[in-house]
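# Summary of structural features
Given next are the chains, with one letter for each unit.
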Amino acid sequence: MTEAIADVVRELAPGGTLRAAINYGNGVLAQRGDSEQEPRGTASDLARELARRLGVPVHFVSFEGAGGVFDAAGAVLPDPRAWDIAFLAIEPARATEIAFTAPYVLIEGTYLVRGDASYKSVAELDAPGRRILVTPKSAYDLYLTRTLQHAELVRLPPPDPADVAGLFARERLDAIGGVRQLIGKYVAANPDLRLLPDSFMQIRQAMGTKPSRPAGARYLRGFVEEMKASGFVAEALARSGQSATVAPAEA
């Protein structure tokens, strides 16, 4: 092992094990397996490949949403939430606590609306009196918080598909914001709802580690570029039955 790689291992696996945060709130990139240590999807495939290259075991730390992953950024062992690498969307509000790579996957943020609503584009939702539900501390919550001028955000956990229509009525919602692939699944259970055809943001999914680990951060940046260029990311998406855009190479 070269000294450079030894530095990376010391930073990314300081306890001898690579602790990888897995966010099950993003079903495009992470799906549950037979146990907490057997997740499926692109994020866990990348974590396993990284651990293999570093010559260390991987331990998965499970979270139900991106907010929980970010909140645990400062956690250290023996805190069970402590992680060494994470898979999150790049957002300015997170950059002080996480050193991000370039994105490896691009997904869209859009709105779910009632089928009989007049809305034809996302821009029409940013108006006085409009109410939009978002998952707290998600990438689209952070983005819409800083970009919406008039609409009100309603922050609640992701709804049960069987209760979406009722939630629209109870909360007087005009829309639910989220990842297109994920909120699109609500339409199957609620044919009176529809997705808007355009998007309000491009969600840039990346890997990250602590800013205090510069050698590890540099290694991760190169690792992500190689995983995109080699076809690894595209193959991982296909294996997990997910459709998303592999991000272009970093300029």
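How each quantity is defined
- Residues numbered from 1 in each chain as written.
- Predicted model: local features only at pLDDT ≥ 70, side-chain atom pairs only at ≥ 80, totals over all residues.
- Heavy atoms only, no water.
- Phe/Tyr/Trp six-rings, centres within 6.5 Å; stacked < 30°, edge-to-face > 60°.
- Helix = DSSP H or I, 4+ residues; strand = E, 2+ residues; numbered from the N terminus.
- Buried < 20%, exposed > 50% of the residue type's maximum accessible area, 1.4 Å probe, protein only.
- Lys, Arg positive; Asp, Glu negative; His and termini not counted.
- Salt bridge = Lys/Arg side-chain N within 4 Å of Asp/Glu carboxyl O.
- Polar contact = N/O pair within 3.5 Å; in protein donor to acceptor, adjacent residues only side chain to side chain.
- Contact = heavy atoms within 4.5 Å.
- Core = buried A, V, L, I, M, F, W, Y, C linked by side-chain atoms within 4.5 Å.
- Axes fitted to C-alpha atoms, helices over the stretch in contact; angles between N-to-C directions.
- Parallel < 35°, antiparallel > 145°, perpendicular 65-115°, else oblique.
- Left-handed = near helix turned anticlockwise from the far one by under 90°.
- Nonpolar A, V, L, I, M, F, W, Y, C, P; charged D, E, K, R; others polar.
- 1 Å grid on protein atoms, 1.4 Å probe; cavity = no way out; pocket = protein on both sides within 12 Å on 5 of 7 lines; lining within 4 Å.
- Points joined across faces, edges and corners; volume = space filled by probe spheres on them.
- Pairing = 2+ DSSP bridges.

### A look at the packing of aromatic side chains
- Counted according to the given criterion, the structure contains three aromatic pairs.
- Arranged with centres 6.3 Å apart and planes meeting at 90 degrees, the rings of F87 and Y104 form a pair that is edge-to-face. Note that F87 is positioned in strand 3 (residues 86-89) and Y104 in the loop between strand 4 (99-100) and strand 5 (105-114), a separation of 17 residues in sequence. We note that F87, like Y104, is buried.
- Ring centres 6.4 Å apart and planes at 20 degrees place the aromatic pair Y143 and F200 in the stacked group. Here Y143 is found in helix 4 (residues 139-147), whereas its partner F200 is found in the loop between strand 9 (193-195) and strand 10 (201-209), with 57 residues between them in sequence.
- By relative accessible area, F200 is classed as buried at 11%.

### Describing the side chain of R94
- Mapped onto the fold, R94 is located in the loop between strand 3 and strand 4.
- E91 is the oppositely charged side chain nearest to the buried, salt-bridge-free R94, at an N-O distance of 6.6 Å.
- Within the local environment of R94, its side chain forms a polar contact with the backbone oxygen of A89, the two atoms lying 2.8 Å apart.
- A polar atom in the side chain of R94 sits 3.0 Å from the backbone oxygen of K137.
- Those residues in contact with R94, other than ones at most four positions away along the chain, are A66, F70, L88, A89, F100, K137, S138, A139 and L142.

### Side note on the nonpolar core
- Grouped together as the largest cluster of nonpolar side chains are 53 residues, with contacts concentrated most on L46, I85, F87, Y104, Y111, I132 and M207.
- Among the elements that line this core, the one with the most residues is helix 2 (residues 42-54), at six residues.
- Core analysis: the next-biggest nonpolar cluster, separate from the first, contains 16 residues, A75, W83, I90 and A206 among them.

### A few points about the packing of helix 2 against helix 9 (residues 232-239)
- Following both chains from N to C, one finds helix 2 and helix 9 inclined at 135 degrees, their axes separated by 9 Å at the closest point. The orientation of helix 2 with respect to helix 9, classified from their angle, is oblique. Read as a crossing pair, helix 2 and helix 9 show a hand that is right-handed. Across the interface between the two elements, T42, D45, L46 and E49 of helix 2 pack against F232, V233, A236, L237 and R239 of helix 9.
- Split by residue class, the contact of helix 2 with helix 9 holds five nonpolar, one polar and three charged.

### Section: empty space enclosed by the protein
- The final tally for this structure, using the stated rule, is one cavity of 30 Å³ or more.
- Approximately 40 Å³ is the volume found for the largest cavity.
- In terms of lining residues, the largest cavity is bounded by N23, N26, L29, A30, A43, F87 and Q205.
- When its residues are assigned to classes, the lining of the largest cavity shows four nonpolar, three polar and no charged.

### Focus: the environment of A175
- Locating A175 in the fold gives a position in strand 8 (residues 175-179).
- Spatially, the C-alpha atoms of A175 and R32 are 28 Å apart, while their sequence positions differ by 143 residues.

### Structural notes on the layout of surface pockets
- Estimates place the volume of the largest pocket at around 540 Å³.
- What lines the largest pocket is a set of 32 residues, among which G25, T135, Y140, P158 and L182 lie closest to the centre.
- Put simply, the parts of the chain that give the lining of the largest pocket at least two residues each are helix 3 (66-71), strand 3, strand 6 (131-134), helix 4, strand 8, helix 6 (180-183), helix 7 (185-189) and strand 10.
- Its residues placed into classes, the lining of the largest pocket shows 19 nonpolar, ten polar and three charged.

### Let's talk about the pairing of strand 5
- Of all ten residues making up strand 5, eight are buried, and the element is well covered by its neighbours.
- As paired elements, strand 5 and strand 10 share five bridges and run antiparallel to each other. Of the residues in strand 10, the one forming a bridge with E108 is Q202.
- Taken together, the two bridges between strand 5 and strand 11 (residues 245-246) define a ladder with antiparallel strand orientation. When the sheet's bridge partners are listed, L106 is paired in strand 11 with T245.
- In the sheet, strand 5 pairs with strand 8 via four bridges, with the strands oriented antiparallel. Looking at the pairing, G109 lines up with V179 of strand 8.
- Two elements, strand 5 and strand 9, share three bridges in a ladder whose sense is antiparallel. Directly across from V113, in strand 9, lies its bridge partner R194.

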